[in-house]
Amino acid sequence: MERIDERTMQAVEKLRCTNLEAQIVRDIASQTGATPEEALRVYYTSDLAPLIERNECGLQFLDGKYLADEVLEHADEASNEDDDLARAD
């Protein structure tokens, strides 16, 4: 039986992150009816994407559906703020 070393653990964490990101993007597309490309754009422009990629705040241990909901909620808030700014001009 082989020992699990640091390099193996890093590879597992990278794979886990990739799978989580794929799940988030699938859930965004499913919930919104967006194309995969649109869902990718929504996810990668979110504030959560870099945090998940860097394994910060323990976000990588949360459920993908929950994180997709968070991404969409924050995207809606940002969109509403943009609309408010446009009306103010």
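Before reading on, note that the structure itself is shown above.
Right, let's walk through the structure included here. As a convention, each chain's residues are numbered from 1 in the sequence order in which they are written. Totals for whole chains, interfaces and linings use every residue, but because this is a predicted model, local features are given only for residues with pLDDT of at least 70 and side-chain atom pairs only at 80 or more, for both listing and counting. The side-chain quantities take in all heavy atoms of the structure and omit both hydrogens and water.

**Here's the deal with helix α1 (residues 6-32)**
For an α-helix, 3.6 residues make a turn, and residues three or four places apart therefore share a direction. In this description a helix means any DSSP run of H or I spanning at least four residues, a strand means any run of E spanning at least two, and both kinds are numbered starting from the N terminus. In this scheme, a helix's expected span is set at 1.5 Å multiplied by one less than its residue total. Helix length check: α1, at 27 residues, gives a terminal C-alpha distance of 39 Å against a target of 39 Å (1.5 Å per residue), a fit within 8%. Type-normalised accessible area, obtained with a 1.4 Å probe on protein chains alone, sets the label of each residue: buried when under 20%, exposed when over 50%, and partly exposed for intermediate values. Where α1 is concerned, the buried positions are Cys 17, Leu 20, Glu 21, Ile 24, Val 25, Asp 27, Ile 28 and Ala 29. Within two residues after α1, Gly 33 carries a phi angle of roughly 75°, on the positive side.

**Considering the nonpolar core**
Nonpolar side chains in soluble globular proteins tend to end up buried together. To form a nonpolar core, buried Ala, Val, Leu, Ile, Met, Phe, Trp, Tyr and Cys residues must be joined to one another through side-chain atoms within 4.5 Å. Within the largest apolar cluster, 16 residues are counted, with the highest numbers of intra-cluster contacts made by Ile 24, Ile 28, Tyr 43, Leu 48, Ile 52 and Leu 67. Secondary structure elements with two or more residues in this core: α1, α2 (36-44), α3 (48-53) and α4 (64-88). For this core, the element with the most residues is α1, which contributes 6 residues. Each residue touching Leu 48, except ones within four places of it in the same chain, is listed here: Leu 59, Leu 67, Glu 70 and Val 71. Contacts are residue-level and defined by heavy atoms, with any inter-residue pair within 4.5 Å sufficient.

**Some thoughts on the packing of α1 against α2**
Note on geometry: axes are C-alpha line fits, over the in-contact stretch for helices, and angles between N-to-C directions span 0 to 180 degrees. It is the contact of α1 with α2, at a shortest axis distance of 8 Å, that shows an interaxial angle of 115°. The two elements α1 and α2 meet at a crossing, and its hand is right-handed. Contacts from Glu 21, Ile 24, Val 25, Ile 28 and Ala 29 in α1 reach Pro 36, Ala 39, Leu 40, Val 42, Tyr 43 and Tyr 44 in α2. Three residue categories are used. Nonpolar comprises Ala, Val, Leu, Ile, Met, Phe, Trp, Tyr, Cys and Pro, charged comprises Asp, Glu, Lys and Arg, and polar comprises the others, including Gly. Taken together, the residues that form the contact of α1 with α2 break down as 10 nonpolar, no polar and 1 charged. It is the rotation of the near helix from the far one that decides the hand of a crossing: anticlockwise by less than a right angle makes it left-handed, clockwise makes it right-handed.

**A closer look at the pattern of salt bridges**
Only one rule defines a salt bridge in this text: a Lys or Arg side-chain nitrogen within 4 Å of an Asp or Glu carboxyl oxygen. The full count for this structure, using the stated rule, is 2 salt bridges. The shortest N-O distance in the salt bridge between Arg 54 and Glu 56 comes to 2.7 Å. Among the residues examined, Glu 56 registers a relative accessible area of 30% and is labelled partly exposed. Ionic pairing is found between Lys 65 and Asp 69, a salt bridge with its closest N-O pair at 3.8 Å. Placement of both Lys 65 and Asp 69 in helix α4 is noted, with a separation of 4 residues, approximately one turn of the helix. By relative accessible area, Lys 65 is classed as partly exposed at 43%. Asp 69 gets classed as partly exposed once you look at its relative accessible area, which sits at 30%.

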